[in-house]
Amino acid sequence: MADTPEYTPPKVWTWTQPSGGHFASINRPIAGPTHEKELPVGRHPLQLYSLGTPNGIKVTIMLEELLALGHKGAEYDAWLINIRDGDQFGSGFVDVNPNSKIPALMDRSGDKPIRVFESGSILLYLAEKFDAFLPKDLAQRTETLNWLFWQMGSAPYLGGGFGHFYAYAPVKIEYAIDRFAMEAKRQLDVLDRRLGETPYLAGDEYTIADIAVFPWYGGLVMGWQYGAAEFLSVHEYKNVQRWAEKIYARPAVKRGRMVNRLSGEPHEQLRERHDASDFDTKTQDKLDANQG
């Protein structure tokens, strides 16, 4: 193993310097808002405050899938929360999600607004609200939730662990990268074995489990996540590849991946979404052309 500076932890840890690489300016050991800023509210029942990260994409895919099924009540405004600028620490956002993480949803369709935070909770809330993508049969429903919560528990190792140390950390630490690469590959193997048994994670039906897992692990095997496809030999996971390609072929998935997105090709970025027509008229390439 390559030499790394020896570190002896103090008896009591104190926050003495920024940490987190690209995200050092917004990382801090305390909660709560850093500034006063109210959230905008659009005209639709559902108000989403998010960013086109894997966790954010889960929810926009779900909403686009619901709309594709004809659920008009799933119309939504998607407002951009730029986490590198610290938007998630505005007072309005903290009121919706005290943990200051995207995505956060406000459902204003009833007499009293309901806040929903944590991406898995949002998926489950929407599935129950619209009676979609969550089987009624107890065994199938439970299997769906098994994989939904598997993703919620596993993704921190993939994103905060492997992704951070491989792609974002200011110093490449061999031990950390090896540790989390091993876990990322183990998780891919878990998925590959499951998807060798059944077309979708919960069985024969496409569910919120697939919607939750696809942006993370589908994105990894399709080469979107961390530029790590070759490093992790993702070609080995044939069943995950097949599953990811099948899900990506869904039009609602392609639309969902565009919303609140700040990276990639300009024609694939719809930084805010307030109407279905925005996909045709307000992608970043069109906005840039109009400004030119």
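Residues numbered from 1 in each chain as written. Predicted model: local features only at pLDDT ≥ 70, side-chain atom pairs only at ≥ 80, totals over all residues. Heavy atoms only, no water.

Here Phe93 shows up in helix 2 (residues 91–96). For the pair formed by Phe93 and Leu39, sequence separation is 54 residues and the distance between their alpha carbons is 6.5 Å. If we ignore the near neighbours within four places in the chain, the residues touching Phe93 are Lys37, Leu39, Tyr49, Ile81, Asp87, Gln88, Ser100, Lys101, Ile102 and Ala104. (Helix = DSSP H or I, 4+ residues; strand = E, 2+ residues; numbered from the N terminus. Contact = heavy atoms within 4.5 Å.)

A word on the nonpolar core. Formed by 63 residues in total, the largest nonpolar core has its most connected members in Met62, Leu126, Phe162, Ile208 and Trp243. The biggest single contributor to this core is helix 6 (residues 208–221), with 10 residues. Each residue touching Trp243, except ones within four places of it in the same chain, is listed here: Leu195, Pro199, Tyr200, Leu201, Asp210, Val213, Phe214 and Gly218. In terms of nonpolar packing, the next biggest core, distinct from the first, is built from 12 residues, Leu51, Trp79, Ala104 and Met106 among them. (Core = buried A, V, L, I, M, F, W, Y, C linked by side-chain atoms within 4.5 Å. Buried < 20%, exposed > 50% of the residue type's maximum accessible area, 1.4 Å probe, protein only.)

Let's shift gears to unusual backbone geometry. Backbone torsion omega between Ile102 and Pro103 reads 0°, so that peptide bond is classified as cis. With respect to the helices and strands, the residue Pro103 is situated in the loop between helix 2 and strand 3 (104–107). A positive phi angle is found at Glu118, which is not glycine, with a value near 80°. When you line up the elements, Glu118 lands in the loop between strand 4 (114–117) and helix 3 (119–130). For Tyr226, which is not glycine, the phi torsion reads 65° and is therefore positive. Along the chain, the position of Tyr226 falls in the loop between helix 6 and helix 7 (238–248). Overall, the relative accessible area of 17% leaves Tyr226 in the buried class.

Take the sheet that holds strand 2 (residues 76–80) next. Spatially, four strands are ordered 2-1-3-4 in an open sheet, and the strand pairing comes out mixed. Each having just a single partner strand, strand 2 and strand 4 make up the two edges of the open sheet. Along the sheet, successive strands turn relative to each other by an average axial angle of 20°, direction set aside. Relative to strand 1 (residues 46–50), helix 1 (residues 54–68) is tilted by about 150°, and along the sheet it contacts strand 1 and strand 2. Against the sheet, helix 3 touches strand 1, strand 3 and strand 4, its axis set at about 130° to strand 4. (Pairing = 2+ DSSP bridges. Axes fitted to C-alpha atoms, helices over the stretch in contact; angles between N-to-C directions.)

In this section: the pattern of salt bridges. Here the structure, examined in full by the defined rule, presents 15 salt bridges. Linking Arg255 and Glu64 is a salt bridge whose minimum nitrogen-to-oxygen distance equals 3.1 Å. Residue Arg255 is located in helix 8 (residues 251–258), and its partner Glu64 is located in helix 1; the two are separated by 191 residues in the primary sequence. Taking the relative accessible area as the measure of exposure, Glu64 reaches 3% and is therefore buried. Connected through shared salt-bridge partners, Glu64, Glu75, Arg255 and Arg273 make up one network. (Salt bridge = Lys/Arg side-chain N within 4 Å of Asp/Glu carboxyl O.)

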